[in-house]
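Chains, contacts and geometry: an overview
This is what each chain is made of:
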Amino acid sequence: MARERAHSIFAELSEDLGRMTTNSSNSVLCPLCLQAYSEDAIDLEEPELTEEHIIPESLGGKLVTLSCKSCNSTHGSKLDAHLVQMVRSQNSLAGLGTVPLKGRIGIAGNQFPAQFDVRSRTFRVGGGSPAVIDEVNGMFQKGSIESMDLNFSLGYIPDRAYLALLRIAYLAIFRELGYRYILSPAAGVVREIISRSDHPPAGLGDLIAELRNLAPVSREPLQFVSLGDIGAVVAVITLLTDGKRYYAAPMPDPRTNADKVLETLHTAIGVLLSSRPD
């Protein structure tokens, strides 16, 4: 079933690419790296062209397109995994999540794994050899422990989570507008930013906004807000875990000059936030 759907998407993308170029010859381009693939790449024992969930499945994503296996796998581990963990951490801190925060507690030079469940307000410490636990218990009874070090890690890199959101917006626009969008110089700038997971641009977080008190609430996982005067479209992304979270990520109009893309994106997100009550 999945491969049948992949072939159907291939046919649509190949036809679209054929309208844009003269030498597409029954092929498609991976929207993330622009590498060309024939339809046979879907049916290999290890497919080189795969279904790509625009929003990660673990965050409620059902809409798909095609991308190469390399981009799909690399971005999944380097970007999407951080977005998933960011949302789960935010839910945990808000007392909504089912997964407790994990960290370590240091007592008298000994390190123990610790968990904190905000929702139930429970704190648990586990692990360690019986001898070490007995030693620490004895120190507690004698009142000889003067301090403890507690360290919790949220388990994600913010810039990589933000890149994942930009990637969702980029793929969503590709799904709507096809190759005429991603072959534009403006989209090329966004694509280059997405590829820089190890060295993201400064101020990346300023291009993303979490939206609260969203009204009206759309039933669609992706909405688009056109800011024609600015030359941008903002993708409003719905992520599903233990609740719903909404994020906005701007994309440039394909006619935007490449050297104006970042300025345009910053302006777009600023206008969107200034026009909302929250």
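One structure accompanies this document, and this report is about it. Per-chain numbering applies: the sequence of each chain, read as written, is numbered from 1 onward. With pLDDT at 70 or above as the cut-off, local features in this predicted model cover only qualifying residues; side-chain atom pairs require 80 or more to be listed or tallied, and sums for whole chains, interfaces and linings still use all residues. To get the side-chain values, all heavy atoms of the structure are used, and hydrogens and water are removed first.

A word on the side chain of Ser89. The residue Ser89 is located in helix 2 (residues 69–93) in this model. Two residues qualify as a contact provided that any one of their heavy atoms is within 4.5 Å of a heavy atom in the partner residue. Other than its neighbours up to four places away in sequence, Ser89 contacts Leu154 and Tyr156. In this description a helix means any DSSP run of H or I spanning at least four residues, a strand means any run of E spanning at least two, and both kinds are numbered starting from the N terminus.

Every axis corresponds to a line fitted to the C-alpha atoms, with the helix fit spanning only the stretch in contact, and the corresponding angles, defined between N-to-C directions, vary from 0 to 180 degrees. Where helix 2 meets helix 4 (residues 158–177), the closest approach of the two axes is 7 Å, and the angle between their N-to-C directions is 115°. As helix 2 packs across helix 4, the resulting crossing turns out to be left-handed. Contacts between helix 2 and helix 4 involve Cys71, Asn72, His75, Lys78, Leu79, Asp80, His82, Leu83 and Met86 on the former and, on the latter, Arg160, Ala161, Tyr162, Leu163, Ala164, Leu165, Arg167 and Ile168. Here a crossing is taken to be left-handed if its near helix is turned anticlockwise relative to the far helix by less than a right angle, and right-handed if that turn runs clockwise.

Bringing the nonpolar core into the picture now. By nonpolar core we mean a set of buried residues, namely Ala, Val, Leu, Ile, Met, Phe, Trp, Tyr and Cys, connected to one another through side-chain atoms within 4.5 Å. For each residue, the accessible area found with a 1.4 Å probe, counting protein chains only, is set against the maximum for its type, and the residue is called buried under 20%, exposed over 50%, and partly exposed in between. Among the nonpolar cores identified, the biggest contains 58 residues, and Leu83, Leu165, Leu166, Tyr170, Ile237 and Leu239 are the most heavily contacted of them. A per-element tally of this core places helix 4 first, with twelve residues. When sequence neighbours within four positions are dropped, the list of residues in contact with Tyr170 reads Pro31, Leu32, Ile182, Ala187, Val190, Arg191, Ile194 and Met251. One finds Leu227, Val234, Ala268 and Ile269 within the second-largest nonpolar core, a separate group that totals eleven residues.

Below, the discussion takes up the packing of aromatic side chains. Any two rings among Phe, Tyr and Trp, with Trp reduced to its six-membered ring, count as a pair given centres within 6.5 Å; such a pair is stacked if its planes are under 30 degrees apart, edge-to-face if over 60, and tilted if neither. With the rule as written, the count across this model stands at one aromatic pair. When the ring of Phe174 is compared with that of Tyr179, the centres are 5.2 Å apart and the planes differ by 70°; the resulting orientation is edge-to-face.

A word on helix 3 (residues 130–142). Compared with the 18 Å implied by 1.5 Å per residue over 13 residues, the 18 Å span of helix 3 between its first and last C-alpha is a close match. Just past helix 3, the residue Gly143 takes up positive phi, approximately 70°. Given a helix with a known number of residues, its expected span is that number minus one, times 1.5 Å.

Burial within strand 3 (residues 49–53) is extensive, with five of its five residues counted as buried. Where strand 3 meets strand 4 (residues 64–68), five bridges bridge the pair, whose relative direction is antiparallel. Each residue of the ladder has a partner; that of Thr50, found in strand 4, is Ser67. Pairing between strands is defined by DSSP: at least two bridges between them are needed.

Let us look at the pattern of salt bridges. By convention in these notes, a salt bridge is any Lys or Arg side-chain nitrogen within 4 Å of a carboxyl oxygen on Asp or Glu. Taken as a whole, this structure holds 14 salt bridges when the rule is applied. Between Asp198 and Lys78 there is a salt bridge whose closest N-O contact spans 3.5 Å. Pair noted here: Asp198 is in the loop between helix 6 (185–194) and strand 9 (209–211) and Lys78 is in helix 2, with a separation of 120 residues, a long-range link. Residue classification places Asp198 among the partly exposed positions, given a relative accessible area of 46%.

Worth remembering: the numbers are spatial, not functional.
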